[in-house]
Each structure stands twice: as C-alpha cells, then as structure tokens.
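So you can see what is in the structure, the chains are spelled out below.
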Amino acid sequence: MIFAIEVVIGGFLVGVMYSLVALGFALIYKSSGVFNFAQGDMTLLAALALVGFLTFLPLWLALLAVLGIMVALAIAIEAVVLRPLVARPPLALFMATIGLGFLLQGMGQGIWGTDPKGLNIGISDTPFDVRGLVISQFDLAGAALSGGLVLALVWFFQKSRTGRALRAVSDDHEAALSVGIPLRKAWAITWAIAGVVALVAGIMWGTRLGVQFSLSLIALKALPVLILGGIDSIPGAIIAGLIVGASENLAEVFIGPYIGGGIQTFFPYLLALLVLWFKPYGMFGREIIERV
C-alpha cells in the first residue's frame, strides 16, 4: 500500500508539470482559436537559451535574460506570423505553427548546438523519507513551482481585469471588440504568457530529462491532457494533468511487467481514447453546437 501511494504521489508531482505544458496550449487556443503546435519547440528554445546564458551569467540574471527573450519572441510570433492570418481557415493557422516549430527548433540548435546538455538549477534530486514514503526532492520542487504558476494564472484569468478581458475575447471576438477590448493587445498578452509558461516548463523538463531534441516532444505528452480535460478548459488542463501523471505511473508499475514494460509511453493515449468515447469534448470542454 505504501508503495502504491508513492507511485500515485510521484505521478501527481509529474502531472503538475504536464498540466503546465498543457496550459500553454489551452491559453492560446482559448484566446485566439489557434492550436500552437510550436509550444514544445518554445520549451526547447527556452531551455537551450538558459543553458547558453548560464555559461557566463549567474542563474538569476540568466533567468531574467531568457524571460525577456521568450516574452519578446512570443509577442513577435503573434505580430509577424499569426496576425496576418486572422480570418484565415484554422488549418492555415495550424500549419503556420508547425512551420514555426521547425524554425524555432533550428534557430535554437543553430545558436547553441545540437549536443545533449545538462541543466542544473541547484535543486537536488535526492529522495527523502516522509513517514515511510520516498519522494523525489526535484519532483516536489518542480510540482511546487509549476503549481504556483498554474494557480497564479488561474487567479489572473478569474480575478484580474485583464484576465476577464482575455476571457471575453475567448468567448466572442466580435462582442469583445464591440465593448472596446483591443483584440490584438489581448492576443499579444496571451502569447507572452505562453512564453513564460514555456520558460518554466523548459527549466523543469530540461533539468529532469536533459536539454536535447526530444525535449520538444514533451508537448506530445500534453495532448492526452488536453483531450481529457478539454482543449479550451484551464481547470480541465490542471485536473487532467494529475490524472495522466498518476495513471501512467500506476499502469507502468502494476500492468507493465505483464506485457514487457513501456506502457507508460502510450497508456495516456489509451485513456484519452476511452474518454473521447463518452465525452467527445473532454471532461470539462465546452460542447460546440452549430446550427445549419
């Protein structure tokens, strides 16, 4: 029983970091209707930039420098790449983010190299014992940082004036414009927040897995989270991240040995398919009804 609790707790801690990646997708989709396939590459770029700056800057200054780069990059993406495609078919916007992902990936590896790199931000990965439960210090710290950012974003969107304006934009673009909410400014703010999310995700996952090409694929692990929670639901991204983290750990530990292991990589997708069978818009997604 203690071992099972350890597995669930470890899954929850990793799930919070999944939620953070999924949140980057959900924020942009809610405000602009764009599925940003480049979110994983933004995460990789942030991690590569941090490793590069740490070679000659202290950690706090390197973080500030990368934060400025990611916010400026996100605003530039919105202005240069996506704004000219307003009112275009959704497929055009989706393909634009795919091309953008390859551009960011090549740009980051062209500047800082393609060799795998380690990222150390001073958090120990030594497990510690809590009444018989062995918990990773890094997973706990990563979950605390990611969870803090997630809660801050939830407060921002629910309570602040700017957050409420962004929610209005997500509900109805034309109605938001009619009451004086500047649509382009709202999109720029949303993409800037997505850049901050990419930075924190890059720090956590880059430290955990190493900074390498596969880090950009972490976005694929967020897809089952989005499917489970609903692509346009921020609370759904949080809860579904916890479910995916815990379920994949439990499946790997208790089912994996009977089928040769490796179930952790595809079990979240099986779970997402099962949910889609009963809830096509996810557990918290908004059902779309179109009259023709």
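Just above, that's the structure.
Reading guide: rules and limits
Each chain carries its own residue numbering, running from 1 in the direction its sequence is written. Owing to the predicted nature of the model, reporting of local features is limited to residues with pLDDT of at least 70; listing and counting of side-chain atom pairs is limited to 80 or more, with chain, interface and lining totals taken over all residues. Hydrogens and waters are ignored; side-chain quantities use all the structure's heavy atoms. Here a helix means four or more residues in a row that DSSP labels H or I, a strand means two or more in a row labelled E, and each is numbered from the N terminus. Within these notes, the globule rule equals 2.2 Å times the number of residues to the 0.38 power, and the radius of gyration is based on C-alpha atoms. Only protein chains enter the accessibility calculation, which uses a 1.4 Å probe. A residue is then buried if its area is under 20% of the maximum for its type, exposed if over 50%, and partly exposed in between. Under the counting rule used here, the positive set is Lys and Arg, the negative set is Asp and Glu, and His together with the chain ends is not counted. A single reference atom marks each charge: NZ on Lys, CZ on Arg, CG on Asp, CD on Glu. For patches, a residue must show more than 30% relative accessible area and have no salt bridge; joins then use 9 Å for like charges and 5 Å for nonpolar side chains, namely Val, Leu, Ile, Met, Phe, Trp and Tyr. The Shrake-Rupley method, run with a 1.4 Å probe, gives the accessible areas here. Residue values count only the displayed protein chains as cover. Every case where a carboxyl oxygen of Asp or Glu lies within 4 Å of a side-chain nitrogen of Lys or Arg is listed as a salt bridge. Polar contacts, as used here, are pairs of N or O atoms within 3.5 Å; protein pairs need one atom able to donate a hydrogen and one able to accept it. Residues neighboring in sequence count only if both atoms are side-chain atoms. Here a residue-residue contact requires only that any non-hydrogen atoms of the pair lie within 4.5 Å. Side-chain atoms within 4.5 Å link the members of a nonpolar core, which is a set of buried Ala, Val, Leu, Ile, Met, Phe, Trp, Tyr and Cys residues. Only rings of Phe, Tyr and Trp enter the pairing, Trp through its six-membered ring, and a pair is recorded when the two centres are within 6.5 Å. The plane angle decides the type: under 30 degrees is stacked, over 60 is edge-to-face, the rest tilted. Under this scheme, a helix contributes an axis fitted over its contacting stretch, all axes are lines through C-alpha atoms, and angles between N-to-C directions fall in the 0 to 180 degree range. Oblique is the label for every angle not falling under 35 degrees (roughly parallel), over 145 degrees (roughly antiparallel), or within 65 to 115 degrees (roughly perpendicular). Note on convention: the crossing is left-handed when the near helix lies turned anticlockwise from the far helix by less than a right angle, right-handed when the turn is clockwise. In the scheme used here, Gly and all other residues not listed as nonpolar or charged are polar, with Ala, Val, Leu, Ile, Met, Phe, Trp, Tyr, Cys and Pro taken as nonpolar and Asp, Glu, Lys and Arg as charged. One fewer than the residue count of a helix, multiplied by 1.5 Å, yields its expected span.

(A) Main features of the overall build of the protein. The helix and strand inventory of the protein stands at 12 helices and two strands. Taken from N to C terminus, the helices and strands of the protein fall in the order α-α-α-α-β-β-α-α-α-α-α-α-α-α. Its C-alpha radius of gyration of 19 Å places the protein within 12% of the 19 Å reference for a compact globule of 292 residues. Principal axes of the C-alpha set define a box for the protein whose edges measure 60 × 50 × 35 Å. By the burial criterion, 48% of the 292 residues in the protein qualify as buried. The average position of the 16 basic charges and that of the 15 acidic charges among the side chains of the protein differ by 11 Å.

(B) Main features of a positive patch on the surface. A cluster of basic side chains, namely Lys159, Arg161, Arg164 and Arg167, defines a positive patch on the protein surface. If you tally residues by element for the positive patch, the top one is helix α6 (residues 161–171), at three residues. Take Arg167: it is sitting in helix α6. Judged by its relative accessible area of 31%, Arg167 falls in the partly exposed class.

(C) Representation of the side chain of Asn36 within the structure. Note on placement: Asn36 falls in the loop between α1 (2–32) and α2 (39–54). By relative accessible area, which is 0% here, Asn36 ends up buried. Within polar-contact distance, the side chain of Asn36 engages the side chain of Gln39 at 3.1 Å. With sequence-adjacent residues up to four places away left out, Asn36 is seen in contact with Phe25, Ile28, Met42, Thr97 and Trp191.

(D) Representation of the nonpolar core in the model. Core analysis: the biggest nonpolar cluster contains 67 residues, and Leu27, Val66, Met70, Leu104 and Trp205 have the highest contact counts within it. Per-element accounting of this core gives the leading share, 12 residues, to helix α8 (residues 183–209). Ignoring anything within four residues of it in the chain, the contact list for Leu27 reads Leu153, Phe157, Thr190, Ile193, Val197 and Ile234.

(E) Spatial organisation of the packing of aromatic side chains. Tallied over the full model, the rule gives five aromatic pairs. Between Tyr18 and Trp205, the aromatic rings sit 5.4 Å apart at their centres with planes inclined by 15°, giving stacked as the arrangement. Of this pair, Tyr18 sits in helix α1 while Trp205 sits in helix α8, and the two are 187 residues apart along the sequence. Taking relative accessible area as the criterion, Tyr18 reaches 5% and is therefore assigned buried. With a relative accessible area of 2%, Trp205 lands in the buried category. On the numbers, 6.1 Å between centres and 45° between planes, the contact of Phe35 with Phe94 is tilted. One end of the pair, Phe35, is in the loop between α1 and α2; the other, Phe94, is in helix α4 (residues 90–112), and 59 residues separate them in sequence. With relative accessibility at 17%, the residue Phe35 sits in the buried group.

(F) Fine view of the packing of α2 against α4. In contact at an axis separation of 9 Å, α2 and α4 are set at 15° when each is read in the N-to-C sense. Relative to α4, α2 is oriented roughly parallel. For the pair α2 and α4, the sense of crossing is left-handed. Seen from α2, the contacting residues are Asp41, Met42, Leu44, Leu45, Leu48, Ala49 and Gly52; seen from α4, they are Gly101, Leu104, Gln105, Met107, Gly108, Gln109 and Trp112. Residues that form the contact of α2 with α4 fall into these classes: eight nonpolar, five polar and one charged.

(G) Highlighting α2. Helix length check: α2 (16 residues) gives 23 Å between terminal C-alpha atoms against 22 Å at 1.5 Å per residue, within 8%. When you tally the buried positions in α2, you get 15 out of 16 residues, the bulk of the element.

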